[in-house]
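One-letter residues, chain by chain:
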Amino acid sequence: MSARALPLLFLNLGGEMLYILDQRLRAQSIPGEKARKDEWTDVDRKRVMNDIITTMFNKKFMEELFKPQELYSKKALRTVYDRLAHASIMRLNQASMDKLYDLMTMAFKYQVLLCPRPKDILLITFNHLDAIKDFVYDAPGILNQVDETFRQLIEVYGCLSAGEFQLIRQTLLTFFQDMHIRVSIFLKDKVQNSNGRFVLPISGPVPWGTEVPGLIRIFNHNGDEIKRTEFTTGGNYVTPQREGSFELYGDRVLKLGTNMYSVSRPVETHMSGASKNLASHAKENMVPNPLAEEELNFLARLLGGLEVNEPGGSETGFRLNLFTTDEEEEHAALTRPEELSYKVINIEATQEQAHLSHILGELEVAEPRGGSAAKGEDLLELMDALGAPINP
């Protein structure tokens, strides 16, 4: 397992989360002069985006993230994203957060599967960061935070070998291997099958630095070419025009990792039959996990750097529901298999982990008080296009 995969996993999933939130908030924003007090405005949307991006690229948090370390469970990472999503006035219940996380993970899994060569995972990450910079183009302080992370990525990953990038890619694919959630965009584009598995293309550009298949060269013992044989391939391959830029600014060429929600398209997620079957067989082993203590330490370090600001004064959080109605959200929470739910990890402090209890206590996010979610109540249709998972 690569000890350098975590920053790429976190930044790319975070980028997908921001794409989804921005697209849906834009779709429902009301012009400020026409909006009622309980309606979202474009100012609210920008505040949500700025607050989340500020927290995501916090210097202390990035320092912890970039330290060489192995990946841990999906639930541990989900705990970090839960804190991140609640870094602003927005609040999501567990079922809505599960749906958001499903969309994030399946999008990045698709990108990792399709990247032409392992090193292109870095270009995918740069595409996400380029888009994030566009979100905060008018906030110089936040923009500097993102640029600093850009420089860290170039410094840490720019010198890695092809073999090290291949290990990173294998680590990421291992993390995603049991996730087969169907997403309507992928199904409509015929890049995902009805069982939730992706379809890999057999045509298109070949990886940079390689040749179009169809030619066999035969060499003698001196290394001289003595014969060529052509053969017919099963696809239509082309040579890429140029390599994508690995600099702070430049044309990435590769389109994987760009915002697929920039054109408004309804997005639904459904649990595939394969995932349902997996749920009935994939119950976690009741034997204590030998990595449990390491995982707690991992969360302590990451969450210790993730500074979440509570809404100040009398201001309260506004609830965001990714389902059509509250009843649909509650039903999704009750029917989602336990094995496929990413509940936030509750960590009991022992003498050795008192510092972790203190950290989590500071980051605890209060539920919006009764009557405080009026703005969110009007947003019940904000993500209705995302639909609800099929009941297992």
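Residues numbered from 1 in each chain as written. Predicted model: local features only at pLDDT ≥ 70, side-chain atom pairs only at ≥ 80, totals over all residues. Heavy atoms only, no water.

Describe the pattern of salt bridges, with residues and values.
Scanning the entire structure with this criterion turns up 16 salt bridges. For the salt bridge of D98 with R78, the shortest nitrogen-to-oxygen distance reads 2.4 Å. Taken together, the residues span a long stretch of sequence, with D98 in helix α5 (residues 94-114) and R78 in helix α4 (residues 74-85) at a distance of 20 residues. Judged by its relative accessible area of 3%, D98 falls in the buried class. Look at R78 and you get buried, because its relative accessible area is 1%. A salt bridge links E225 to R217, with the shortest nitrogen-to-oxygen separation between them at 3.7 Å. (Salt bridge = Lys/Arg side-chain N within 4 Å of Asp/Glu carboxyl O. Helix = DSSP H or I, 4+ residues; strand = E, 2+ residues; numbered from the N terminus. Buried < 20%, exposed > 50% of the residue type's maximum accessible area, 1.4 Å probe, protein only.)

For the packing of aromatic side chains, give the residues involved together with the corresponding values.
A full pass over the atoms with the stated rule returns 10 aromatic pairs. Geometrically, the ring pair formed by F10 and F61 is edge-to-face, given 5.1 Å between the ring centres and 75° between the ring planes. Of this pair, F10 sits in helix α1 (residues 6-28) while F61 sits in helix α3 (residues 59-65), and the two are 51 residues apart along the sequence. By the ring-pair criterion, three or more aromatic residues cluster together here, those being F10, F61, Y81 and Y101. Its guanidinium or amino end placed over the ring of F175, K74 lies 4.9 Å from that ring's centre, counting from NZ or CZ. In this structure, K119 is placed above the aromatic ring of F246, and the distance from its NZ or CZ to the ring centre is 4.5 Å. (Phe/Tyr/Trp six-rings, centres within 6.5 Å; stacked < 30°, edge-to-face > 60°. Lys NZ or Arg CZ within 6 Å of the ring centre and 35° of its normal.)

Outline the pairing of strand β5 (residues 225-230), listing residues and values.
Of all 6 residues making up β5, only 0 are buried, and the element is barely covered by its neighbours. Sheet analysis places strand β4 (residues 215-219) next to β5, joined by 5 bridges and oriented antiparallel. The partner of I218 across the bridge, within β5, is K227. Between β4 and β5, which pair antiparallel in sequence order, lie 5 residues; one of them, G223, sits at a positive phi of approximately 90°. (Pairing = 2+ DSSP bridges.)

Give me the nonpolar core: which residues, what numbers.
Of all hydrophobic cores here, the largest spans 77 residues; its most connected members are L9, F10, I53 and Y157. By residue number, the principal contributor to this core is α1, which donates 12 residues. With sequence-adjacent residues up to four places away left out, F10 is seen in contact with M56, F61, M62, L65, V80, Y81 and L84. (Core = buried A, V, L, I, M, F, W, Y, C linked by side-chain atoms within 4.5 Å. Contact = heavy atoms within 4.5 Å.)

I'd love a proper account of helix α2 (residues 42-56), names of residues and values included.
Taking 1.5 Å per residue as the helical rise, α2 with its 15 residues ought to reach 21 Å, and the 21 Å between its terminal C-alpha atoms agrees with that figure. Within the span of α2, buried status applies to D44, R45, V48, M49, N50, I52, I53, T55 and M56. (Expected span 1.5 Å × (residues − 1).)

For the layout of surface pockets, give the residues involved together with the corresponding values.
Its boundaries defined by the atoms lining it, the second largest pocket holds a volume of some 630 Å³. In terms of lining residues, the second largest pocket is bounded by 27 residues, among which L114, P116, P205, V206 and L254 are the most central. Secondary-structure elements contributing two or more residues to the lining of the second largest pocket are α5, α6 (120-135) and β3 (204-205). Broken down by class, the residue content of the lining of the second largest pocket amounts to 16 nonpolar, 5 polar and 6 charged. (1 Å grid on protein atoms, 1.4 Å probe; cavity = no way out; pocket = protein on both sides within 12 Å on 5 of 7 lines; lining within 4 Å. Points joined across faces, edges and corners; volume = space filled by probe spheres on them. Nonpolar A, V, L, I, M, F, W, Y, C, P; charged D, E, K, R; others polar.)

So what about the side chain of T171? Which residues, and what values?
Looking at the secondary structure, you find T171 in helix α8 (residues 162-176). In contact with T171, other than residues within four places in its own chain, are M1, S2, A5 and L71.

So, the packing of α4 against α5: which residues are in play, and what are the values?
Think of two packed helices as two axes; the pair is described by the angle between the axes and how far apart they sit. Closest axis-to-axis distance for the α4/α5 pair is 11 Å, and the angle between their directions is 110°. Taken together, the axes of α4 and α5 lie roughly perpendicular to each other. For the pair α4 and α5, the contacting residues are K74, L77, R78, Y81, D82 and A85 in the first and Q94, M97, D98, Y101 and M104 in the second. A per-class count over the contact of α4 with α5 returns 6 nonpolar, 1 polar and 4 charged. (Axes fitted to C-alpha atoms, helices over the stretch in contact; angles between N-to-C directions. Parallel < 35°, antiparallel > 145°, perpendicular 65-115°, else oblique.)

Please set out α5 residue by residue, giving values where relevant.
The terminal C-alpha atoms of α5, which comprises 21 residues, lie 30 Å apart, in line with the 30 Å expected from a rise of 1.5 Å per residue. By the criterion of burial, α5 is predominantly enclosed, with 18 of the 21 residues buried.

I'd like a description of unusual backbone geometry, backed by residues and values.
Located in the positive-phi region is K190, a residue other than glycine, with phi close to 60°. Counting through the fold element by element, K190 comes out in the loop between α9 (184-188) and β3. Look at K190 and you get exposed, because its relative accessible area is 67%. A positive phi angle, near 65°, is found at V253, a position not held by glycine.

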